[in-house]
Amino acid sequence: MDKTEIYQQIINFWNNDMPFNRLLGLEIQQFDKEQSEVRFLWQDKLIGNPIQKILHGGVTATVLDIAGGVVAAANIIEQLDNLSPENIHYNLRKLSTIDLRTDFLLPGKGKEFIATARIIRSGSKVAVARMELHNERNDHIAFGTGTYMIG
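So, here is what we can say about the structure in this document. Quantities reported herein were computed from a predicted structural model and do not represent experimental measurements.

On to the sheet that holds strand S6 (residues 112-122), then. Ordered by their spatial adjacency, six strands build an open sheet running S1-S2-S6-S7-S8-S5, and the pairing between neighbours is antiparallel. Edge positions in the open sheet fall to strand S1 (27-31) and strand S5 (96-104), since each of these has one partner strand only. Mean inter-strand twist for the sheet, computed between neighbouring axes without regard to direction, equals 20 degrees. Two strands pair when backbone bridges link them, and S6 and strand S7 (residues 126-135) are joined in this way by nine bridges, in the antiparallel orientation. Bridge pairing in S7 links Arg118 to Arg130. Lying on the sheet, helix H3 (residues 57-78) is in contact with S1, strand S2 (35-41), S5, S6, S7 and strand S8 (140-149); it crosses S6 at an angle near 45 degrees.

Within the chain, Lys53 stands out as a residue other than glycine whose phi angle is a positive 55 degrees. Phi at Asn138 is positive, roughly 70 degrees, even though this residue is not glycine. Structurally, Asn138 is set in the loop between S7 and S8.

This paragraph deals with the nonpolar core. In terms of nonpolar packing, the biggest core is built from 40 residues, with Ile28, Phe31, Val38, Phe40 and Leu133 touching the most fellow members. If you list the elements that add at least two residues to this core, you get helix H1 (3-16), S1, S2, H3, helix H4 (85-92), S6, S7 and S8. It is H3 that provides the largest number of residues to this core, a total of 12 residues. Setting aside anything within four residues of it in sequence, one finds Phe40 in contact with Leu24, Gly25, Leu26, Leu46, Leu55, Val59, Val63, Glu112, Phe113 and Leu133.

Looking now at the packing of aromatic side chains. Considering all chains together, one arrives at three aromatic pairs under this definition. Geometrically, the ring pair formed by Tyr7 and Phe31 is tilted, given 4.7 Å between the ring centres and 45 degrees between the ring planes. Here Tyr7 is found in helix H1, whereas its partner Phe31 is found in strand S1, with 24 residues between them in sequence. An angle of 50 degrees between the planes, with centres 6.5 Å apart, marks the rings of Trp42 and Phe113 as tilted. Pair noted here: Trp42 is in the loop between S2 and strand S3 (47-49) and Phe113 is in strand S6, with a separation of 71 residues, a long-range link. Looking at Phe113, the relative accessible area reads 0%, which means it is buried. One aromatic cluster is present, built from ring pairs that chain together Phe40, Trp42 and Phe113.

Time to look at the pattern of salt bridges. Applying the stated criterion across every chain yields a total of six salt bridges. Salt-bridge contacts for Glu112 lead to Arg39; the nearest nitrogen and oxygen are separated by 3.1 Å. Of the two residues, Glu112 is situated in strand S6 and Arg39 in strand S2; the sequence distance between them amounts to 73 residues. Judged by its relative accessible area of 23%, Glu112 falls in the partly exposed class. Take Arg39: its relative accessible area is 25%, and that puts it in the partly exposed class.

Rules and cut-offs
Residues numbered from 1 in each chain as written. Predicted model: local features only at pLDDT ≥ 70, side-chain atom pairs only at ≥ 80, totals over all residues. Heavy atoms only, no water. Pairing = 2+ DSSP bridges. Helix = DSSP H or I, 4+ residues; strand = E, 2+ residues; numbered from the N terminus. Axes fitted to C-alpha atoms, helices over the stretch in contact; angles between N-to-C directions. Contact = heavy atoms within 4.5 Å. Core = buried A, V, L, I, M, F, W, Y, C linked by side-chain atoms within 4.5 Å. Buried < 20%, exposed > 50% of the residue type's maximum accessible area, 1.4 Å probe, protein only. Phe/Tyr/Trp six-rings, centres within 6.5 Å; stacked < 30°, edge-to-face > 60°. Salt bridge = Lys/Arg side-chain N within 4 Å of Asp/Glu carboxyl O.

So far we have only geometry, and geometry alone does not tell us how the molecule works.
In structure tokens:
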């Protein structure tokens, strides 16, 4: 199995078998060791401020964390010599968020939201990602930095 197939299996798992991602409507569109993209559509259940009808800050932080975590997962896979399903599963169990910083720039308004992440640094134990959230008009809503345990 090549890495593209492995990444697609992970996308399918995280999109379909993670209840919290499904609850929020998050869909990982693509990822590799350099970048990731996660999208979701506006839903009233995601409102954090009912007067302004804007996204809850926790939704913003969550989608940034998912985008960063996905690209960190790819960096775990890139370091593996053995790409057996058992070894991938064993190593992905190590993935966890160590630190997450979210900076809110604009109110979370829009019909569709796109979170992207890029790796800043990836070592044998820790990866650091830079994440951004935009809406369909390319308004820059938030950015973040995530540090992830990968080894």
